[in-house]
Amino acid sequence: PGIYVCAKCGHELFSSRAKYEHSSPWPAFTETVHEDSVSKHKERPGALKVSCGKCGNGLGHEFLNDGPKRGQSRF
């Protein structure tokens, strides 16, 4: 339980309350802690490249409409 932070700068990214089990081997979250926790850039249809909102450290992707509920995204 707690807050997941950027490994590079310590910026708050995700809360354990937004974490859920997904078939991928990586942690999956439905939302960020703050509006400016991450920055996003379109990489391909259905996926956004996600970086730390403070230092730009690469965090992976946001997969649109792939969350646990209809219409939710998965980080």
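Small disclaimer: the values here were computed from a predicted structure and weren't measured.

A. Layout of the environment of alanine 47. By secondary structure assignment, the location of alanine 47 is in strand E6 (residues 47-52). Alanine 47 sits in the buried class, given a relative accessible area of 1%. For the pair alanine 47 and arginine 74, spaced 27 residues apart in sequence, the C-alpha separation works out to 9.6 Å. If near-sequence neighbours (up to four positions away) are discounted, alanine 47 is found in contact with Lys42, His61, Glu62 and Phe63.

B. Layout of the pairing of E6. Extensive coverage of E6 is indicated by the burial of 5 of its 6 residues. With 6 bridges connecting them, strand E5 (residues 38-44) and E6 associate as antiparallel partners. Across the sheet, residue lysine 42 finds its bridge partner in E6, namely leucine 48. What sits between the antiparallel neighbours E5 and E6 is a turn of 2 residues, in which glycine 46 has the positive phi angle 85°. Bridge count for E6 against strand E7 (residues 58-63) is 5 bridges, and the pairing is antiparallel. Bridging across to E7, alanine 47 finds its partner in phenylalanine 63. The hairpin turn running from E6 into E7, its antiparallel successor, is 5 residues long, and glycine 56 in that turn takes a positive phi close to 85°.

Basis of the calculations
- Residues numbered from 1 in each chain as written.
- Predicted model: local features only at pLDDT ≥ 70, side-chain atom pairs only at ≥ 80, totals over all residues.
- Heavy atoms only, no water.
- Helix = DSSP H or I, 4+ residues; strand = E, 2+ residues; numbered from the N terminus.
- Buried < 20%, exposed > 50% of the residue type's maximum accessible area, 1.4 Å probe, protein only.
- Contact = heavy atoms within 4.5 Å.
- Pairing = 2+ DSSP bridges.

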